[in-house]
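Below, each chain spelled out in residue letters.
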Amino acid sequence: MNALILAGGRGARLAPLTDAIPKPMLTVANAPMVDYAVSHLWDFGLREFVFTLFFMPEAVIDWAIGYHGAVCRFMLEPEPLGTLGGVKVAEDFLDDTFIVLSGDAIEDINLDAMLHKHHKSGAEVTMAVTEAADLSLYGVPELDAFGFVTGYTEKPRPGTAKSRYANCGVYIVQKSVLSRVPADVKTDFSLDLFPALVAERKLAAFIHDGYWRDLGEPQGYYEANFELLRGGFFPPAPSRRRGRCPNRWIGEPHQSLLAASAQVLGAVKHSVIGADAIILPDARIDSCVVLEGATASGTHQNAIVGRDFVLQVSPQGFSQNRHLAVGFHSARR
């Protein structure tokens, strides 16, 4: 069994954060998003990963080849082929059963339990689903009493969803299903595959009640930095790119996470300061995410600070998530 990591997205909704960096390499609590995906799969026991790439692929390749003990393959899409089209490109390198995971979402889905559900159901695809406050942002599956998907609506209008569950974008897939997918054509799981699987009762759902964060827009990205401030849910995958002491803490009791190469000359409170960032002597930084290489001056609160931009965001999400990370730990078994 191996895994395919979708890492080719441009991350347009995250602009300007992703103007000069691919979305999977944008850091959350000073670790690239893709590290959270690989660490989860690594803890599950996988060592073979296929990455589908499009936007700025060199950055992802340069990072991923640093995973010690992993076999990493990289498939470059000639043009964006969609979530399913990207999987089809990598068909020759996928095992009979494989996991599809996004390189730009963070979750602690119990993959052992999900795999058990997949095999027991006889489904061709099993999707992870979870409850979400605003279902209009996601694909919404309708489930029967046995956990099969009986209907699916992509981004329904507010108030019209027929289910309380959202598609997490994590799938366990039988390779045989790819025979239904044309090569070199833009295709999507939800639009081009799920309707047929629903009709054949071959699409199952695994209900996840833990942490799941879609980092598709700046507010979610900002909140995730503080939810993951003390680490992810799984021991980090070994990487020669990660130094022995990549971060340090300052500022009791309002601790801030600083990359080892960051320079702090001003005042910092409850913030995340990225690699090579500089906090100038006149700066007053409170509840901010300062991105890699940015120079901050002046007073900023509840903001994302980049090299040439400042995005104001809301701090309300800190207390609203029930599943906060409290440090690296082993996955549930």
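Residues numbered from 1 in each chain as written. Predicted model: local features only at pLDDT ≥ 70, side-chain atom pairs only at ≥ 80, totals over all residues. Heavy atoms only, no water.

Student: Got a minute to help me understand the overall build of the protein chain in this structure?
Tutor: The helix and strand tally for the protein chain stands at 6 helices and 23 strands. Computed over its C-alpha atoms, the radius of gyration of the protein chain comes to 20 Å, within 12% of the 20 Å expected for a compact globule of 333 residues. The dimensions of the protein chain, computed from C-alpha atoms along their principal axes, are 65 × 45 × 40 Å. Put simply, the protein chain has 333 residues, and 54% of those count as buried. (Helix = DSSP H or I, 4+ residues; strand = E, 2+ residues; numbered from the N terminus. Rg over C-alpha atoms; globule rule 2.2 N^0.38 Å. Buried < 20%, exposed > 50% of the residue type's maximum accessible area, 1.4 Å probe, protein only.)

Student: Explanation requested: the sheet that holds strand E19 (residues 278–279) in the structure shown.
Tutor: Sheet strands pair by backbone hydrogen bonding; their relative direction is either parallel or antiparallel. Overall, parallel pairing links the 3 strands, which are arranged E16-E19-E21 in an open sheet. In this open sheet, the two strands that pair with only one neighbour each are strand E16 (263–264) and strand E21 (295–296). (Pairing = 2+ DSSP bridges.)

Student: Before we go on, may I ask you to explain helix H6 (residues 218–227) in this structure?
Tutor: Residues separated by three or four positions in an α-helix point in the same direction, a consequence of the helix having 3.6 residues per turn. The buried fraction of H6 is high, at 9 of 10 residues. For H6, the complete set of buried residues consists of Pro218, Gly220, Tyr221, Tyr222, Glu223, Ala224, Asn225, Phe226 and Glu227. Where H6 begins, the side chain of glutamate 217 points an oxygen toward the backbone nitrogen of glutamine 219, at a separation of 2.8 Å. (Polar contact = N/O pair within 3.5 Å; in protein donor to acceptor, adjacent residues only side chain to side chain.)

Student: Sorry if this is basic, but what is going on with the pattern of salt bridges here?
Tutor: Side-chain pairing between opposite charges can occur once the charged atoms of the two side chains come close. As enumerated under the stated definition, the model contains 8 salt bridges in all. One salt bridge connects aspartate 104 with lysine 23, and the closest N-O pair in it is separated by 3.5 Å. A residue pair is termed long-range when its members are at least 10 positions apart, and aspartate 104 in the loop between strand E6 (97–102) and strand E7 (105–107) and lysine 23 in the loop between strand E1 (2–6) and strand E2 (27–28) qualify at 81 residues. Of the residues examined, aspartate 104 reaches a relative accessible area of 15% and is grouped as buried. The class of lysine 23 is buried, set by a relative accessible area of 9%. Lysine 88 is paired through a salt bridge with glutamate 91; the nearest N and O atoms lie 2.9 Å apart. With relative accessibility at 21%, the residue glutamate 91 sits in the partly exposed group. Residues joined in a network through salt bridges with shared partners are Glu124, Arg180 and Glu200. (Salt bridge = Lys/Arg side-chain N within 4 Å of Asp/Glu carboxyl O.)

Student: I would appreciate a short explanation of the side chain of serine 39 in the present structure.
Tutor: Its location among the elements puts serine 39 in helix H1 (residues 33–44). A polar contact is formed between the side chain of serine 39 and the backbone nitrogen of alanine 237, at a distance of 2.9 Å. With near-sequence residues (within four places) excluded, serine 39 lies in contact with Phe234, Pro235, Pro236 and Ala237. (Contact = heavy atoms within 4.5 Å.)

Student: For this particular structure, what's the right way to read the packing of aromatic side chains?
Tutor: Here the structure, examined in full by the defined rule, presents 9 aromatic pairs. Measuring from ring centre to ring centre gives 6.5 Å for tryptophan 42 and phenylalanine 49, while their planes differ by 25°; the resulting arrangement is stacked. You can call tryptophan 42 buried: its relative accessible area is 14%. Relative to phenylalanine 233, the ring of tyrosine 211 has its centre 5.1 Å away and its plane inclined at 45°; by these criteria the two rings are tilted. (Phe/Tyr/Trp six-rings, centres within 6.5 Å; stacked < 30°, edge-to-face > 60°.)

Student: For this particular structure, what's the right way to read the sheet that holds strand E12 (residues 203–207)?
Tutor: In spatial order, the strands read E5-E4-E1-E6-E11-E8-E12; together these 7 strands make up an open sheet with mixed pairing. Only two strands of the sheet have a single neighbouring strand rather than two, namely strand E5 (71–76) and E12. Averaged over all adjacent pairs, the angle separating strand axes in this sheet is 25°, with direction ignored. Here E6 runs beside strand E11 (residues 165–174); their pairing, made up of 4 bridges, is antiparallel. Bridged to isoleucine 99 within E11 is isoleucine 172. Taken strand by strand, helix H3 (residues 82–89) contacts E1, strand E4 (48–53), E5 and E6, and its axis lies near 135° from that of E1. (Axes fitted to C-alpha atoms, helices over the stretch in contact; angles between N-to-C directions.)

Student: Quick question: what am I supposed to make of the nonpolar core here?
Tutor: One recurring pattern in soluble globular proteins is that nonpolar side chains are buried together. Grouped together as the largest cluster of nonpolar side chains are 36 residues, with contacts concentrated most on Leu41, Phe49 and Phe51. Residue assignment for this core shows that the elements contributing at least two residues are E1, H1, E4, helix H2 (57–64), E6, helix H4 (111–121) and E11. Counting residues per element, this core draws most heavily on H1, at 6 residues. Counting 28 residues, the second-largest nonpolar core is a separate cluster that includes Phe98, Tyr152, Tyr165 and Ala205. (Core = buried A, V, L, I, M, F, W, Y, C linked by side-chain atoms within 4.5 Å.)

Student: Please explain the confidence of the model for the protein chain as it appears in this structure.
Tutor: Close inspection of predicted coordinates is inappropriate in any region flagged by low pLDDT. Averaged over every residue, the pLDDT of the protein chain is 91; the share at 70 or more is 93%. In the predicted structure, residues 318–333 sits below a pLDDT of 50 and forms 42 contacts with residues beyond four places in sequence or in another chain. (pLDDT = per-residue confidence, 0-100.)

Student: So what exactly am I meant to see when it comes to the packing of H1 against H4 here?
Tutor: Between H1 and H4, the shortest axis-to-axis distance is 10 Å and the interhelical angle comes to 70°. In terms of orientation, H1 and H4 fall into the roughly perpendicular class. In this structure, H1 uses His40, Leu41 and Phe44 to contact H4, whose residues at the interface are Leu111, Asp112 and Leu115. For the contact of H1 with H4, a count of residues per class yields 4 nonpolar, 1 polar and 1 charged. (Parallel < 35°, antiparallel > 145°, perpendicular 65-115°, else oblique. Nonpolar A, V, L, I, M, F, W, Y, C, P; charged D, E, K, R; others polar.)

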